[in-house]
Structure formats: C-alpha cells, structure tokens
Amino acid sequence: MIGESFFTTIKSWFESSPQEKDLVASADEEQLRLRLRERCNCFRGLLSANKTALESMSEIESLQASQKPFTMYTVNNLSTKVTDSVEIMVNALNVLSEQAYAALNTPFANITAQIKTLSHPEQKNDCPLILPVKDVRLADSQYVGSKMANLGEINANLGLAIPNGFVATTGAYAAFMAHQGLGATIEKMCAEVDMTNFEELFNVATKLQKLILAADLPNDLRLALENAVNDLQAQEGLDLTLALRSSAIGEDARGMSFAGQYHSELNVAPKDCARVYKEIIASKYTVTAMSYRYQHGIPDDAVPMCVGVLTMLPAIAGGVAYSLDPLAKATNQEQILLNVVPGSAQGVVDGSTKPDSFEFSRTDTPKLLGKTINNENYSFPEDVARKLAKLTLDLEAYYKEPQDVEWVLHAKTNQLVILQTRPLKTDFSKPKDTKTEAQTRPLTTDFPILAQGGVAVSHGVALGATFVARTEADLLSFPSGAILVVERALPRWAPLLPKASGLISENGGLAGHLATVAREYHLPAIFGLQDACTVLENQTAITIDTSTCTVYDGLNKDLKHEVTQDSNPMRDSLVCQRLTQINKLITPLNLLDPSAPDFDPKYCASLHDITRFCHEKAVQHLFETDPLSRKMGKQLEAGAKLQYWLIDMGGGFWHDVHGKTVKIEEIKSLPMLALWDGMIAFPWAGPPTSTSGFMSVMLQSTMNPDLEATAPNAMAQKNFFIVSDSYMIMQARYGYHFCTVESSATSNSHENFVHFQFKGGAADRERRHLRASLVAEILDAHGFRASVKEDGMFAEVENCAADDILQKTRLLGYLLIHTRQVDTIMLETERVAALHTKLTTDMQDLLAKPLPKNIEKQKHKS
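Reading guide: rules and limits
Residues numbered from 1 in each chain as written. Predicted model: local features only at pLDDT ≥ 70, side-chain atom pairs only at ≥ 80, totals over all residues. Heavy atoms only, no water. Helix = DSSP H or I, 4+ residues; strand = E, 2+ residues; numbered from the N terminus. Buried < 20%, exposed > 50% of the residue type's maximum accessible area, 1.4 Å probe, protein only. Areas by Shrake-Rupley, 256 points an atom, 1.4 Å probe, with all protein chains shown as cover. Salt bridge = Lys/Arg side-chain N within 4 Å of Asp/Glu carboxyl O. Core = buried A, V, L, I, M, F, W, Y, C linked by side-chain atoms within 4.5 Å. Contact = heavy atoms within 4.5 Å. Axes fitted to C-alpha atoms, helices over the stretch in contact; angles between N-to-C directions. Parallel < 35°, antiparallel > 145°, perpendicular 65-115°, else oblique. Nonpolar A, V, L, I, M, F, W, Y, C, P; charged D, E, K, R; others polar. Phe/Tyr/Trp six-rings, centres within 6.5 Å; stacked < 30°, edge-to-face > 60°. Pairing = 2+ DSSP bridges. Expected span 1.5 Å × (residues − 1). Arc of directions from axis to C-beta.

A. Inspection of the overall build of the protein chain at higher detail. When you go through the protein chain residue by residue, the secondary structure sums to 26 helices and 29 strands. Within the span of the protein chain, comprising 862 residues, buried residues form 57% of the whole. In the form shown here, the protein chain has an accessible surface area of approximately 35700 Å², with 50% of it arising from carbon and sulfur atoms.

B. Region of interest: the pattern of salt bridges. In the structure shown here, the tally under the stated rule is 28 salt bridges. Of the charged contacts, one joins Arg 275 and Glu 279 as a salt bridge, the two residues approaching to 2.6 Å between their closest N and O atoms. Here Arg 275 pairs with Glu 279, and both are found in helix α11 (residues 273–282), just 4 residues apart, close to one helical turn. Exposure remark for Arg 275: the relative accessible area of 42% places this residue in the partly exposed category. Each of Lys 271, Asp 272, Arg 275 and Glu 279 takes part in a single network of salt bridges with overlapping partners.

C. Examining the nonpolar core more closely. Ranked by size, the top nonpolar core spans 83 residues in total, and within it Phe 176, Leu 244, Tyr 277 and Leu 484 carry the most contacts. Counting residues per element, this core draws most heavily on helix α9 (residues 198–214), at 7 residues. In this structure, Leu 673, Val 723, Met 728 and Phe 784 belong to the second largest nonpolar core, which totals 55 residues.

D. Highlighting the environment of Val 662. Take Val 662: it is sitting in strand β23 (residues 661–663). Accessibility expressed as a relative area gives 0% for Val 662, which makes it buried. A C-alpha to C-alpha distance of 9.3 Å links Val 662 and Trp 645, two positions 17 residues apart in sequence. Beyond its immediate sequence surroundings of up to four residues, Val 662 is in contact with Lys 634, Gln 635, Leu 636, Glu 637, Leu 646, Phe 653, Val 657 and Ile 667.

E. Highlighting the packing of helix α4 (residues 72–96) against helix α5 (residues 105–119). Relative orientation of the contacting elements α4 and α5 amounts to 170 degrees, with a least axis distance of 11 Å. Judged by the angle between their axes, α4 and α5 are roughly antiparallel. Every residue of α5 that contacts α4 at Met 72, Asn 76, Ser 79, Thr 83, Val 86, Glu 87, Val 90 and Asn 94 is listed here: Asn 105, Phe 108, Thr 112, Ile 115 and Ser 119. Of the residues in the contact of α4 with α5, the class split is 5 nonpolar, 7 polar and 1 charged.

F. Focus on the packing of aromatic side chains. Across all of its chains, the model carries 12 aromatic pairs by this definition. On the basis of an interplanar angle of 45 degrees and a centroid distance of 6.4 Å, the ring pair of Phe 176 and Tyr 277 is categorised as tilted. Here Phe 176 is found in helix α7 (residues 170–178), whereas its partner Tyr 277 is found in helix α11, with 101 residues between them in sequence. Judged by relative accessible area, Phe 176 falls into the buried class, the value being 0%.

G. Molecular detail of the sheet that holds strand β15 (residues 466–469). Across the sheet, which stays open at both edges, the 5 strands sit in the order β13-β18-β17-β16-β15 with mixed pairing between neighbours. Across the chains shown, the open sheet's two edge strands, defined by having one partner strand only, are β13 (455–458) and β15. Ignoring which end each strand starts from, the neighbouring axes of this sheet average 25 degrees apart. Both strand β16 (residues 483–486) and strand β17 (residues 502–505) contribute to a ladder of 4 bridges, which runs parallel. Bridge pairing in β17 links Val 486 to Ser 505. Across the sheet, helix α16 (residues 513–520) touches β13, β17 and β18 (525–527), and the angle it forms with β13 is around 55 degrees.

H. Summary view of the pairing of strand β26 (residues 737–744). In terms of residue burial, β26 counts as a mostly covered element, since 7 of its 8 residues are buried. Bridge count for β26 against strand β27 (residues 753–760) is 8 bridges, and the pairing is antiparallel. Across the sheet, the residue bridging to Ser 744 is Phe 753, located in β27.

I. View of unusual backbone geometry. Non-glycine residue Glu 98 carries a positive phi angle of around 55 degrees. Relative to the helices and strands, Glu 98 is located in the loop between α4 and α5. A positive phi angle is found at Lys 400, which is not glycine, with a value near 60 degrees. Mapped onto the secondary structure, Lys 400 falls in the loop between α15 (382–399) and β10 (403–410).

J. Up close: the pairing of strand β7 (residues 336–342). Most of β7 sits out of view: 6 of its 7 residues are buried. Pairing analysis gives 6 bridges linking strand β6 (residues 315–322) to β7, with the strands arranged antiparallel. Residue pairing for β7: Val 320 is matched across the bridge by Asn 339. Sheet topology places β7 next to strand β8 (residues 356–360); 5 bridges connect them, and they run antiparallel. Within the sheet, the bridge partner assigned to Asn 339 lies in β8 and is Ser 357.

K. Representation of α5 within the structure. An ideal rise of 1.5 Å per residue puts 21 Å on 15 residues; α5 measures up with 21 Å between its terminal C-alpha atoms. Among the residues of α5, Pro 107, Phe 108, Ile 111, Ile 115 and Ser 119 are the ones counted as buried. One side of α5 carries all its buried residues, which in axial view fall inside an arc of 100 degrees. Exposed positions of α5 whose direction lies more than 90 degrees from the buried face are Lys 116 and Thr 117.

L. Representation of the sheet that holds strand β9 (residues 368–372) within the structure. Spatially, the 6 strands line up as an open sheet ordered β9-β8-β7-β6-β10-β11, and their pairing is antiparallel. The sheet is open, and its two borders are formed by β9 and β11 (416–423), each paired with just one other strand. On average, each strand axis in the sheet is inclined to that of its neighbour by 15 degrees, with strand direction left out of account. Relative to β9, β8 runs antiparallel, the two sharing 4 bridges. If you follow Ser 357 over to β9, its bridge partner there is Thr 372.

Put into structure tokens, the structure is as follows:
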C-alpha cells in the first residue's frame, strides 16, 4: 500500500527550487540519467521483493485457513521467502537513502531471530544416552517418550508389573543424528519430498531407511548400548532375549496414537541390539509413519525417536484392554472391553489373529457382561480377566481419562504385566438419526445385501465404489473417496485412510492398530468380514452400514445424512500452532499512517510492517533525492477520470518533455501504451450496485466525488507509472483494491514478461476471494499462470515474443478497469455469469483487433 506522503512528494516535483533547477542545468545530463536508471533498477528490485513477500504472506494466510495437511517444511520455506524478500527490501532502501534507515536492521534481526526459534525449536536432548525404565517417570516424557515414561510411572506409583529394561533416550537419538551429518541429510531429503505424491514418497522413504541402516553409530552410543545390554543380561540370565519398542516423542499422545506406525521387534538376541536399534530409528521414515505425521500436522523435528529395550517375557496370553469401549458413544454401551489371544499380544495389535473378547461392567467390582470365544484351543481364565478389567479401571482413574492397555500374562509367574498404556480416543459422534438408534436400525429391503458380518470397529455410514488393495503398489492407484477393502488389517494401509470413505477387512478386530487409526479419522469400518475381497471386488456403488455390519449393493441415499463428515487432524496440530505463532511475526500490519509519529523503524513489529515502511520510504527517496527524477516526473494528460503520474527512467518518452504534463502521444513505452489501450478500449459502465449488506460500504466508495475528478485528491493520487521504451511498472488503487502491473517487451523473448498482482476490495473476504478467482480463471484461459491466495491474485507470463506480451498487457489494462468494485455482486450467480460472459467477449474482441497505430509506430521506429 502506498502512503499519502509519497503523493505529496510527487506534487513537489512541480515546485522545484531555483537551486535544484540550476543543479540540473549544470550537471552532466547523461551521468544523471545513468544514475537515475541505476536507482530505478534498485527500486524495481525492491518492488519485486515486495511482490514476492506479499505473495508468500498470502500463502501463509491461505495455509491458516486451509483444511488440508501441510508440513513444517512448507511453513519454513514460506517464512524464509518472506524474510529473504524483506532483507532485500531493507538493503535496497538503505542504498536508495544512503543508509538513512540503518536502524531498520534491528527490528528485522529481532523478528527473524524469533521466527527461526519458532521454526526450529530447541530439542530436549540434555540427558544421558541410556536410562533404566524403572527410573523414569511421566515428567521424563520429553526425554524417553510417553510409552516408556508411562511404564516407569505406573510401576513406581501403582506397583504394576512392567518388563525390566532401559531406554535409549533423545540424547542417544541426537547423537546418532549429529554423527557424520546424518540428521542434516535427512532433513534436506524430507524438505524436498512432495507428501501428496505416493510414488515420490515411496522412493524417498526407501532411501531414508537405507541411509539410516547403513550409518555408523557414534562410538559412545554403541558402547552405551552394549554396556546396558550386558547389565540387563547379568540381571536376567544368559538366556535373555529382548523386545525393542519404539517410544517416539509424541507417540501415544492424546488423539494421536501412532498405532502401528513405528516398528517394534520381538525376540531380539542381545548381540543384535545395536542393529535393531537402527531399524527402529529407520521406521520413523516408513511411508506409513511419514504419512501419519503429515496428516496430523506433526513436524519431523518434534518426534525424536527413543527406543525401549525390554526383557522379552514368556507369555501364556496377551492382548489389548480398553477401560471404556471406544465405540461407547456410538452404541450407548459403556463397558470395559478385553481382547485376548494365546501367546504375545502381537496377534491382536497387528490384526493378524481374531481374538477372544470379554465385556465387563465399569463398576468397582467388574461384572462379566458377555464374551466371544474364537480360539477353541485356549481358555483365558475368567478371574484373570476380571482382575485385568479392574486394573484398566485403576489406570483410567490414575490418568483421569480412558486407557488403551497392552498386556501379557507371564507364563512363569502368572502375573499380568503391562507393556503399554496410552490415552484412548473415544470422542466419537453419536449417530445423527435421533428418532431411532442406529444400532437397532432394521435391515433395509430396498437394496440387495452383498455381505454381512464381522465387527464394527469404527461406526458410521459410507457410500462409494470399492477398491481392493492387495500389495503396496495399490497405494499408488487408490482413488480418493473409494471404500478400501483389504484382506488383513495391517498398519501399512493407514496412509490411505484419509482418502477413503470407508474401510472393510476380512481379518482383524476392534483392538488392532488399523482399527485405532480408523477411529482417529472417524472412518466407518467393518473388520472380520469373510471373503470381502472376493465379494466386493469391482463394485461401483455400495453402502456400508456399520450399525448392522452390512454392505448393500447400491447407494442408499436415505442414509446419506449419516455419512461421517471428514475429520481434520490438522486442527490444533503442532504445525498449525507453530504457523500461528510465526504468522504473528509476519502478516499483521500495524504501520498504517506514514504521517504518524509511530511510522518509524522502532515500531515495526512484523515483517509486513517492514515491507510497508520500506515501500513508503523508498518511493519518497527515489523521487526526492535526485533533481533529475523531479524534472522527469509528469502528470499524464489524457482526459482520464483518474490521475496518473509518470517517471521516465530512460527512453520512455519520444522527446524531452517540458512542463508538468505529458500527453499519451508523447509516450514511447510499448508496455504502457498497450496497457493504456486496454484501459480505454471499452467504456466502463460504472460500479455495479447490490442490495447486499455491503451497499453502504460500497456507496461510500462509488459515490465519492474524489474518484470522479481530475483534480488532485487523496485516492486518485494512488496511481503511477515508471517507464522506459520497452518496460513499464504501474501501481494503482481503484476504489478499495490495489494492483501492480509490470511488463517487459523486448526483441529478446527470454527477457520478456508480464506480471500482475491484484489484492483487496471493500466487500467481505468471501466476495473478495471470489472476484480474485474470477479474474484468475479468465487469465488462465488466456495463457497466464494465475494463482489465488485469499483476496489476492497473482498472474504472470514469461519468455514470450514481444507482440504476445503486449497483447496480454493490453488484456490486463481492460481487466483493471472493468473488474473495479465487482466484488459486491460476487454472490449473485446470474450477475456473475453475465459479467463473466461480458469480460470474455470483450477480451476476445480486443484480441481480434490489431495493436493501435501508435504502438506499431513505436515498434517500427525501434
């Protein structure tokens, strides 16, 4: 935005002092022209940097308003673009002003330092490489991860049995990443990957894992692992085997279980501990783990990978216990739910084994409400089940929220041992059908039943086509909105869940990792549906109703109102929190009035403030400092209602123009002539009127006599050109929106371009955005590369022949005039359609006309 003081400066051109006139008359004209060109080029660089900064600021604002995932690398790239651009502006201003604003370096340095701290927060790794599990507490989560911290916590404070072992801490992870520059290499590769491109993600994930597995551990970490394993072997005996389990920072956090996203390895020989440690670190960069973090807005640097090295326990049985049925709100059945398989709990969590299940009441002495036995060769004792149910309630009471508990029954001691406890996400919406509970809804006879059975692991209704996935290659071709059908409920399918509308698996149960992730995404899912892959292959339209575990042929529109709304894991995510904090230092604009006492470097509180200050002062200094620039400043005399001011940086006029005004016939600048021709090609019908609530706002603008006058006025003075024979930059304000057009049309197509920036308006954000989108759509159809961010529109064409650049510049001139104040009608569909038709028709007619004779004359003489 250009300040009023700039236009006061422009008027002063025409009031030059006698001393300045003498100086100009006596100076070497050619040297002064050369100096002016250099300063104008510096000013152009400042404007270009300003354009880049504003574009990036608009992208940051769009990220904040977006429902789609984005990475911290995207935030950092945008904030870096802004800071780099602002630094260019600060330097350019100090060149133009001969270091008059060196004080601006202080707020710039302070703001960028704060942004850097927020972008790359200090990691908590000031801890030993190794800590015994029984010595850690919940307060140590930042060093050992929640999974291991919880084990130490419940052992110390509840007396519950946990495996013996130790944790390789964030200090160990930091040492590994720092060794031989491994972490820096990983960060560079992650920053460059397109997370929306599965094929690219697969390739990068594979390279990252290979890189980590091939890397050497630093000697102190390798020795620390060896010594800790030796100590553990001395305690447990020579027949020791290990279970290495991931315990990343943030893993098992509330609402983000990371269920099955990282690797754990059972039955590890002590001699293989260091190798498997690297495998678990590498599992941070599997496709599933990287996708999960991306969808949940978790920065890579926020999840240092700790590793629990635990004694492998002989198990009679194992499984998962929920202190509250995770579907309780959907089914109105609040109960404790236990899942049991013979041996270790692995068969439950990976979905490979159909477990026995027990339901208990949530009373002080839990009562058995029901059970389902799927393993005839093993019977889990009911008294142990009741003890386990009570234990899960105790954990819920301790943590003050429902718990998801992984456990085993020790084969030698017959003791229940806790392997993991984490918050259980249960905040699922009840069915929208308030007249009849969804769980009692009868089967419909309007649609044939394709399949029925299994268990609902995440409630809801889904409609769509099926996609049967069998190999990882199917991840690349999964269509958005399809219903995913798989044979086994493996965690590797988790990256597809954000794109799916429903999920069906032939195997698995409620306690499996994939079921947990499905509930996080509020994705309707049925597991244990026999022969689903065969029966549902190539079905183009089905309906899933989890209340009856039924799959219908066809789309049951009567149930459409129960289709689960898309969840947004990004909301309140760590990436969004960081973006909000960073953005407070970037986009707010506090410096509004250039004549106010606080329009000063020391009051710059954001990068936007600095760009505002730099732009205002650069314009002032460009036009105040050099007498020749004052001499060359002219008012355009062309009968237009709005005033335009011109600065010729060399060759923009046909001859030396004396006096205060210049006529359009005296202009030699090809791009300016083309733009002007577009501006006057068709009469403007005037501002549209609307009956909306914004009429009063717009009337203040459309009825303001200043906008209709040729005499000097505050709003009309917002328009100027800087020109040469083949170059032009124009900045203008029309009512409430601002625009910049920059165009270069030379004989060398590689030097040619036209850039257009358009932002603002008087209406609400939605209407302003719609107008920007309309302009972008029209320009896209005419060969521009256009993008819209909030109410800003940015369009460009480059590397074209001069004639093409001039034609496109002429089109921009037309749009400048005829899209004024149309944001007021953008919610009126018929009027917008009529406007689109008019704009398109006029522009086609304009393209059909040859360039005006004055432009052809200039081209010929050039």
